[in-house]
Amino acid sequence: MAKELNEDTGFNISIKSLIGIGAAMATIISMWFVLQADIAEAKELPTPPPSEVTRMEFDMKDQLIRQTIMTTQKDVEELKDDMGRIEDKLDKLIEKRR
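Observations concerning the overall build of the protein
- Scanning the protein from terminus to terminus reveals two helices and zero strands.
- Computed over its C-alpha atoms, the radius of gyration of the protein comes to 40 Å, more than 25% above the 13 Å expected for a compact globule of 98 residues.
- Projecting the C-alpha coordinates of the protein onto the three principal axes gives extents of approximately 115 × 50 × 25 Å.
- Entry remark: accessible area of the protein is about 10,300 Å², with carbon and sulfur atoms responsible for 62%.

Shown next as structure tokens:
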């Protein structure tokens, strides 16, 4: 038989269960207030600097890029010289074997 719920329906709950429910509610409520405090604190933290690039920063980055390009150009020239010498040596070796 199915029980019917109405105004006269009652239920029993132990003191232990009430204490457990109260402790769970207290934990959830305290977590809420701690979270709200953390959010308020985060709002007061220093803001990051503006994302706009200053003229000095632009000039420094431009100089660094130009310097890197010049260094790479020198490296490529050295590699070309090395390749030329290697080709000359290979040509000499090939001529000796003939």
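So that's the structure; there's more coming.
Some points on the environment of Lys89
- Following the sequence through the fold, Lys89 ends up in helix α2 (residues 55-97).
- Lys89 gets classed as exposed once you look at its relative accessible area, which sits at 58%.
- The sequence separation of Lys89 and Glu44 amounts to 45 residues, and the corresponding C-alpha distance is 70 Å.

With respect to a negative patch on the surface
- Among the surface-exposed residues, Asp75, Glu77, Glu78 and Asp81 lie close enough to one another that they form a single negatively charged patch.
- The topology assignment puts Asp81 in helix α2.

Quick word on the pattern of salt bridges
- Using the criterion set out here, one finds four salt bridges in the structure.
- Between Asp59 and Arg55 there is a salt bridge; the shortest N-O distance is 3.5 Å. Here Asp59 pairs with Arg55, and both are found in helix α2, just four residues apart, close to one helical turn.
- Since its relative accessible area comes to 36%, Asp59 is described here as partly exposed.
- The residue Asp82 makes a salt bridge to Arg85 at a minimum N-O spacing of 2.6 Å. Of the two residues, Asp82 and Arg85 both sit in helix α2, three residues apart, roughly one turn of that helix.

As for a nonpolar patch on the surface
- A cluster of nonpolar side chains, contributed by Phe11, Ile13, Ile15, Leu18, Ile19, Ile21, Met25, Ile29, Trp32, Phe33, Leu35 and Ile39, occupies part of the molecular surface with about 1,300 Å² of accessible area.
- With respect to the helices, strands and loops of the structure, Ile39 is situated in helix α1 (residues 15-44).

What counts, and at which threshold
- Along each chain, the written sequence defines residue order, and numbers are assigned to residues from 1.
- Where local features are concerned, this predicted model is filtered to residues with pLDDT of at least 70; where side-chain atom pairs are given and counted, the filter is 80 or more; whole-chain, interface and lining totals use all residues.
- To get the side-chain values, all heavy atoms of the structure are used, and hydrogens and water are removed first.
- The secondary structure listing takes helices from DSSP runs of H or I that are at least 4 residues long and strands from runs of E that are at least 2 residues long, numbered from the N terminus.
- Our radius of gyration is a C-alpha quantity, and the globule rule it is checked against amounts to 2.2 Å times the number of residues to the power 0.38.
- We get accessible surface area from the Shrake-Rupley algorithm with a probe of 1.4 Å; when it comes to residues, only the shown protein chains can shield them.
- Burial status follows relative accessibility: with a 1.4 Å probe on protein chains alone, a residue under 20% of its type maximum counts as buried, one over 50% as exposed, and anything between as partly exposed.
- Think of a patch as exposed residues, more than 30% relative accessible area, with no salt bridge, where like charges cluster within 9 Å and nonpolar side chains (Val, Leu, Ile, Met, Phe, Trp, Tyr) cluster within 5 Å.
- What counts as a salt bridge is simple: a side-chain nitrogen of Lys or Arg found within 4 Å of a carboxyl oxygen of Asp or Glu.
- Residues scored as charged are limited to Lys and Arg (positive) and Asp and Glu (negative), so that His and the chain ends carry no count.
- By convention, the charge on Lys lies at NZ, on Arg at CZ, on Asp at CG and on Glu at CD.

Note that every value here comes from positions in space, so none of it alone points to a role or purpose.
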